[in-house]
Amino acid sequence: MVMFQITGLVLTLVGVTMIYATSKHQKLLAKSLPKPAILVGLILLLFALLSWVQLLTTTAAVFTWLFTIIALLICVPFSTIFKSREPHK
C-alpha cells in the first residue's frame, strides 16, 4: 500500500518537474527541455493517476492526484530559491 503512495508522489513530482522544465521561464536548468518533454511529463502524470487509483477509490484518487499536481506546480518554481546564484557583474 505504501509503495503505491510513494510511486504516485514520485511520478507526480517528476511529471510536474518535466512540464515546468520545458518552460522558457524556468530557472531549474541552464537551458529548458525540448517541447516534446511535455508529453513525457503528461504520461508520467497519467501513470501517477493509475497508481492513486490502485490505492484509493476513484473519486479520492482523482482529488488526491489533482491536489498533488496543483501543490507541486506551486512548489517546484519556488525550489529555485535555494539554488545558488551567480554574482552580478
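Before reading on, note that the structure itself is shown above.
No experiment lies behind these values; they were computed from the predicted model shown.

**Q** Describe in detail the overall build of the protein chain, supporting the description with residues and values.
**A** Summing up its helical and strand segments, the protein chain has three helices and zero strands in all. Each helix and strand of the protein chain, placed in order from N terminus to C terminus, yields the pattern α-α-α. In terms of overall dimensions, the protein chain has a C-alpha envelope of 55 × 25 × 20 Å along the principal axes. Restricting to contacts in the protein chain with at least 6 residues of sequence separation, those with at least 24 account for 58%.

**Q** An account of the packing of helix α1 (residues 2-21) against helix α3 (residues 58-78) is requested, with residue identities and associated values reported.
**A** Direction vectors running N to C along α1 and α3 enclose 50°, while the axes themselves pass 9 Å from each other. The angle between the axes of α1 and α3 places the two elements in the oblique class. In the crossing of α1 with α3, the sense of the turn from one axis to the other is right-handed. Contact with α1, carried on its side by Leu 9, Thr 12, Leu 13, Val 16, Thr 17 and Tyr 20, involves Trp 65, Thr 68, Ile 69, Leu 72, Leu 73, Val 76 and Pro 77 of α3 and no other residues of that element. For the contact of α1 with α3, the residue count by class is ten nonpolar, three polar and no charged.

**Q** Describe the nonpolar core, listing the residues and the values that go with them.
**A** With 16 residues, the main nonpolar core has Val 16, Leu 45, Trp 52, Trp 65, Ile 69 and Val 76 as its most contacted residues. At the level of secondary structure, the elements contributing two or more residues to this core comprise α1, α2 (37-55) and α3. Sort the elements by how many residues they give to this core and α2 lands first, with seven residues. Filtering out sequence-adjacent residues up to four positions away, Trp 65 remains in contact with Thr 12, Leu 45, Ala 48, Leu 49 and Trp 52.

**Q** Hey, could you go over the side chain of Thr 80 for me, with residue numbers and the actual values?
**A** Its place among the elements puts Thr 80 in the segment after α3. Residues in contact with Thr 80, not counting those within four places in the same chain, are Tyr 20, Lys 27 and Leu 28.

**Q** Any details on the packing of α1 against α2? Residues and values, ideally.
**A** Helix packing for two helices is described by the angle between their axes and how far apart those axes are. Put simply, α1 and α2 touch, their axes get as near as 8 Å, and they point 160° apart. In terms of orientation, α1 lies roughly antiparallel with respect to α2. Of the two elements, α1 crosses α2, and the hand of that crossing is left-handed. A class-by-class count of the residues in the contact of α1 with α2 yields 17 nonpolar, eight polar and no charged.

The rules behind these values
Residues numbered from 1 in each chain as written. Predicted model: local features only at pLDDT ≥ 70, side-chain atom pairs only at ≥ 80, totals over all residues. Heavy atoms only, no water. Helix = DSSP H or I, 4+ residues; strand = E, 2+ residues; numbered from the N terminus. Contact = heavy atoms within 4.5 Å. Axes fitted to C-alpha atoms, helices over the stretch in contact; angles between N-to-C directions. Parallel < 35°, antiparallel > 145°, perpendicular 65-115°, else oblique. Left-handed = near helix turned anticlockwise from the far one by under 90°. Nonpolar A, V, L, I, M, F, W, Y, C, P; charged D, E, K, R; others polar. Core = buried A, V, L, I, M, F, W, Y, C linked by side-chain atoms within 4.5 Å. Buried < 20%, exposed > 50% of the residue type's maximum accessible area, 1.4 Å probe, protein only.

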